[in-house]
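Inside the fold
Single-letter residue listing:
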Amino acid sequence: RVTLYFAEMEPDAGPGDRVFDVKLQGETVLSNFDIAAEAGGVRRGVVHVYEQVRVTDVLQVELVPRGEAATPPQMPLLSAIEAVRTSDANTGDAKK
């Protein structure tokens, strides 16, 4: 299981200012993600949990800005990542 934590901390930011895609293991899991819009403002957290993420050696997390020339206040932002190994119900093997 992979949990992603986001929070827009720029006091002057608002919906539409920081929009980006999020990819896990090369697959887009959030498209046109806007932290401030989803959280309902700044300094509020947003959490997304992904249960079925297959990881063999490396967890790939990509944050892709939607603007062509994103400035620092528009660049993607991720506050924290939590990765928990769970066991595969079919084999009993641990998944990363």
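So, here is what we can say about the structure in this document. (Residues numbered from 1 in each chain as written. Predicted model: local features only at pLDDT ≥ 70, side-chain atom pairs only at ≥ 80, totals over all residues. Heavy atoms only, no water.)

With antiparallel pairing, three strands are arranged side by side in an open sheet as 4-1-6. Of all strands in the sheet, those with a lone pairing partner are strand 4 (45-50) and strand 6 (80-83), marking the two edges. The average angle at which neighbouring strand axes cross in this sheet is 15 degrees, direction not considered. Here four bridges tie strand 1 (residues 2-7) to strand 6, and the two strands are oriented antiparallel to one another. Bridge assignment links Tyr5 to a residue of strand 6, and that residue is Ala80. (Pairing = 2+ DSSP bridges. Helix = DSSP H or I, 4+ residues; strand = E, 2+ residues; numbered from the N terminus. Axes fitted to C-alpha atoms, helices over the stretch in contact; angles between N-to-C directions.)

The relative placement of two aromatic rings is captured by the distance of their centres and the angle of their planes. In this structure the tally under the stated criterion is three aromatic pairs. Taken together, a centroid distance of 6.2 Å and an interplanar angle of 50 degrees make the contact between Phe6 and Phe20 tilted. Here the residue Phe6 occupies a position in strand 1, and Phe20 occupies one in strand 2 (residues 19-24), the gap between them amounting to 14 residues. This pair shows no difference in class: Phe6 is buried, exactly as Phe20 is. An aromatic cluster is present here, built from Phe6, Phe20 and Phe33 joined pairwise through their rings. (Phe/Tyr/Trp six-rings, centres within 6.5 Å; stacked < 30°, edge-to-face > 60°. Buried < 20%, exposed > 50% of the residue type's maximum accessible area, 1.4 Å probe, protein only.)

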